[in-house]
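Listed here are the chains, written in short residue letters.
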Amino acid sequence: MLTKEEALIKNENAIVLKTSGLKKYYGTVPNLVKALDGIDLSICKGEFVAVVGTSGSGKSTLLHMLGGLDTPSAGSVTIGEVEMAKLKDEQLTVFRRRNIGFVFQNYNLVPILNVYENIVLPSELDGKKADTEFIDKIVLMLGLSQKLFSLPNNLSGGQQQRVAIARALAAKPAIILADEPTGNLDSCTSSEVLKLLKTTSKEFNQTIIMITHNSEIASLADRIVHIEDGRIVA
Amino acid sequence: MLSKKNSPAVKKLTGRIITANRPRNRNVVAAIALTAMLIASVFSIGMSYLKSTEMQQIRLMGTTAHVAVTNPTDEQVEKLRDLSYVETVGLQHNVGLIKSTPEMGNTTLSLHWYDQTEWQKFRLPAVEDMVGSYPEKYNEVLVSLWILHNMGIDDPQIGMEIPLDYYLGEDREVVQTTNFVLSGYCTDYVYIRSGNIDSIYVSEQFAKASGNTVQNNGAASVAYCDSKDIDGYNQQLTKDLSLSEDQKIKTVPMYESSAAASSTAVIAFAAVIFFLMLTGYLLIYNVFYISVAKDIRFYGLLKTIGTTPRQLKKIVTGQALRLAAIGIPIGLVISAVLSFAVVPMALNMFDLATGAEISFSPVIFIGAAFFALLTTLIGAAKSARIAAKISPLEALRFTGAHTRRLHKPSTSGGKINGMAWRNIFRDRKRVVIVLLSLFLGITTFMVITTLISSMDTDNYIASYVENDIILENNTLDVVGTDNTPKQKFDASFLAELSKIEGITNLRTTTMEKMEMVYDSSQFLQHMDWFCKKLDVEEKLTEQQIQDNFWGYIIGLDSRYIEEINKDSGNPIDIEAFERGDIALIGTDNPELYKNVDVMDISISSTGATEQFDLGGFVPFGFKYAGGSMAPNIYVSEQTLATLVPDPKIYKVNMDVENDLEKQALEKVKTLTDDDYEISRTSKLEQQQAMSDTKLLMYILGGGIALVLALIGILNFINVMATSVMARKVEFAMLESVGMTKQQLRQMLTLEGLGYAAITTLLVGTLGSVITYVIFKLFQQQADYAIFTFPIIPMLIAAIIVFIVCAATPQMAYRSSSSASIVERLRQI
């Protein structure tokens, strides 16, 4: 059964994620750093958005804010109808594992669990039985069938990133946040991973917000958001 | 609703984390095992100690009963047996009195009868080495071994004849003689407490025939259901039995102050357990904190992908629980092995015959397991909270080293000394934990070594045995006996004594009974004090006082006076003392005698009279404490010899040159053994008797002290090693900007030495104060303890601390610095 918020998120073409006046300042005057300085952004269901910007422009901070990993100095992030900053730590974690999948530049797999265990971990933590049929499908698509019982350390970078994508998809989240997912991969593997990410998200109707500084990669997206000095410039 | 469903994932993670952290697990398991072991060992050693002191008390009391009701009627006895709060009722009564003989020394023996319950339930548990049985036939008796020994029977046989002279009933005039038959013997200890008052036990038939009854000459011994509120039960009993005016409920002395004593013991135990838990907590906390801090990014990652704070907490405490499941049984097994195998083995190895009773009770182990588990959970709780609270982003940045904000800009910026000093105080929490664990460990080590060395049984003996060998003439104790004073230490005996090689400082003390003229204007205050001391309530007439105004005149060697003068601000005139012009009064309250100028006395045996001026005071009971209403007075030996020809020598004190003690004692023994009219006290024999106890204390106490000191040092190693590991990247950074490995090591060594210096300073000041305060508290229990500052243990501890502190950071660094700078820098 879906809660009200979850039902809304599943709804086609609705605005799934919204920020208004989002600010994040670090330090105090005179060393004040305005990592984010008033971001207003709305993203619809199923959209593939690329966030681009130079190093230090605030794009990673934005992604952290969207995923509820960090708290804003001002403004708000709303996913569905839930304002992230209003959730308590416990609720926030539960909300995150149900609705947001992360893909990091450095994969961030749990080193002590094998590939399959890594993929099903978020669902298991949620106390749900993994949807084996669905997971088989993802595994097949991502070409991980042969590696299910390997430990992350024994995989190549591309393979590890595919596991991370599988993990992000497995709990069927509405939103996938990807922070330079191809940053550590060679160009050939990069385009392969991206293609996979795009096909799977289309397949399962998921929203992707991806950070990159590679314009070629960004061009694959439905929309490009350009950030500079904590503001959206285009 | 979630917590039940998600357990498989949490369990899986917990299990995997444990398998991935083998070295840490070993540390945690060792810490938990150590805690469990220490708690269990302290419990079991403590219980053994309590048990054996309780047993000793019971033996001294001679009974396990709580109270006795005097002169109970048959109805009262019936009533007693029916009362719900009374567990056991035993009956006893006095049958007669044994006629005193000089061989018996100052002992008083009676004939006594116990019913079966009294003997089986109350008396038998308080005696040892029971052979034979309680008398059943008319003329059978049960006698304790010390009485048999005094009778000259050292090898008693059941069935042998024991002839006894005794008075029956109240009638002290008619002496009867019976050849009793020995039906049993045992070792009892009552006479130690009662001052050589004891009983020979007779059969029921004999008791009945004597005409004495429980109602007229006896008592009913009562054991209540529990010993917690003896006073309360006594009040209840007084009501329930409607006791008459003459009847009393007498509480066995052991229970009179038991409430206070046991609460002190409980507090002491609680303090020890608290301390053990604290040290255990520090260890476990450390290892967990370090482990979580090291894996903080991992926990942050788990949180990012959806592990809730509650689940993270469960993962950390779950690890603690699983490790406790291994560590606690190990600790308990080690403790069991220690208390059942090693300690007795060590005791055997040193040939100790004390038969230290090792108490075993499952409660000890359950309790130890519980406290160890509690310690583990508390120790892990903080780390669990840290893991739960971590924000995923912070986890990515976490380095484990917080720096205080305020830094004085300094011109000596890059100096290694300054860096080392600042590094010490960089993480306040770490400083506190390191210093606290080192400080606690070393201080406990000091406290325990101080207590053990102050408890030295030689001090104990020296505190009450004034000379190496002391001989006493038993025939001069005339009160309550029909002893005739004899000159046991005549000139030839003394000549023999002084011939023994090594004997020095031989002094004799003579003593005669004397009567003093009572003058109320002089001695009123003395009599007030006397009546108060002996609880004399009725008003004594002058005549009554004069009739009993006798005491002893004691002839002292002048050397005693010289020694007293040394410590006195008001010296005694030795010349006048030797001339016989003055006499001294034995008292601890000289102000009672400020009206006394002269004393008129007459010697009882010769009737010679003399008048002495009061010339000063010696402590009450100096050389001899007996007497009657008059104060005992002290004159010089030669003065007493002028009043009485050949005054009786009561005491011979002598010292023995070092290294000759043993052979001198043997020779004195051959002179005095088999003579029951002479009693002997010697330092050497007492020391031998207590050497077992001394060794036992060194083994047990020293072991505990060492373990506690080790915990402190282990903790330090632990924290230091991990702090160096955590700063790996920082060191790589320092190297990359030009600090040589040599300089780095120098800095680390300085850091370690800084910790060592601070610890030593703390232990030397605060630790010494704590040691002294604890010693003072302890001294209230054992007043013979002498404070000796534990200089050597402290020096050893300081040296070890310095070595460990200087070496640990280096070793930790060496093991982490093998990789190249770049590799190490990338590990961030």
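Residues numbered from 1 in each chain as written. Chains lettered and ligands numbered in written order. Predicted model: local features only at pLDDT ≥ 70, side-chain atom pairs only at ≥ 80, totals over all residues.

Trainee: Which residues make up the overall build of chain B, and what are the values?
Mentor: For chain B, the count of helices and strands is 30 helices and 19 strands. Counting every position in chain B, which comprises 828 residues, the buried fraction comes to 37%. A separation threshold of at least 6 residues defines the contact pool for chain B, and within that pool the share at least 24 residues apart is 86%. (Helix = DSSP H or I, 4+ residues; strand = E, 2+ residues; numbered from the N terminus. Buried ≥ 20, exposed ≤ 12 C-beta atoms within 10 Å, placed from the backbone. Contact = placed C-beta atoms within 7 Å.)

Trainee: Help me get a handle on the interface of chain A and chain B, residues and values and all.
Mentor: In this complex, chain A contributes 22 residues to the contact, which on the side of chain B involves 22 residues. With six residues, helix α3 (residues 89–99) of chain A is the single largest residue contributor to the side of chain A that touches chain B. A per-class count over the side of chain A that touches chain B returns nine nonpolar, four polar and nine charged. (Nonpolar A, V, L, I, M, F, W, Y, C, P; charged D, E, K, R; others polar.)

Trainee: Explain the nonpolar core to me, and be specific about the residues and the numbers.
Mentor: A:A166, B:I32, B:A36, B:I39, B:I284 and B:A368 are the most contacted members of the largest nonpolar core, which has 145 residues in total. For this core, the element with the highest residue contribution is helix α3 (residues 22–61) of chain B, accounting for 13 residues. Both domains that meet at this core, namely domain 1 (1–63 + 252–398) and domain 3 (416–465 + 680–828) of chain B, each give it at least three residues. Every residue in contact with B:I39, bar those within four places of it in the chain, is listed here: B:I273, B:L276, B:A368, B:F371 and B:A372. Grouped together as the second largest cluster of nonpolar side chains are 42 residues, B:M514, B:Y552, B:I649 and B:Y650 included. (Core = buried A, V, L, I, M, F, W, Y, C linked by C-beta atoms within 7 Å. Domains from an automatic or database assignment.)

Trainee: Can you explain helix α16 (residues 416–424) of chain B? Please cite residues and give values.
Mentor: Looking only at α16(B), the buried set comprises B:M419, B:N423 and B:I424. Seen along its axis, α16(B) keeps its buried residues to an arc of 140 degrees; they face one direction. (Arc of directions from axis to C-beta.)

Trainee: Which residues make up the packing of helix α5 (residues 132–141) of chain A against helix α6 (residues 157–170) of chain A, and what are the values?
Mentor: Residue and element names in this part refer to chain A. For the pair α5 and α6, the least separation of the axes is 10 Å and the interaxial angle reads 150 degrees. By the angle between their axes, α5 is roughly antiparallel relative to α6. The handedness of the crossing between α5 and α6 is right-handed. Here I135, I138 and V139 of α5 lie close against α6, whose contacting residues are A166, L169 and A170. Along the lines of polarity and charge, the residues of the contact of α5 with α6 split into six nonpolar, no polar and no charged. (Axes fitted to C-alpha atoms, helices over the stretch in contact; angles between N-to-C directions. Parallel < 35°, antiparallel > 145°, perpendicular 65-115°, else oblique. Left-handed = near helix turned anticlockwise from the far one by under 90°.)

Trainee: Please set out unusual backbone geometry residue by residue, giving values where relevant.
Mentor: All names here are of chain A. Even without a glycine there, the phi angle at K172 is positive, about 50 degrees. Structurally, the position occupied by K172 is in the loop between α6 and β7 (175–179). Unlike most non-glycine residues, E180 shows phi in positive territory, near 45 degrees. Summarising the element assignment, E180 is placed in the loop between β7 and α7 (187–203).

Trainee: Could you give me a rundown of the sheet that holds strand β5 (residues 82–83) of chain A, with the residues and numbers involved?
Mentor: Read across the sheet, four strands follow the order β2-β1-β4-β5 (chain A) without closing on themselves; strand pairing throughout is antiparallel. Either end of the sheet is taken by a strand with one partner, and the two such strands are β2 (33–44) and β5 of chain A. (Pairing = 2+ DSSP bridges.)

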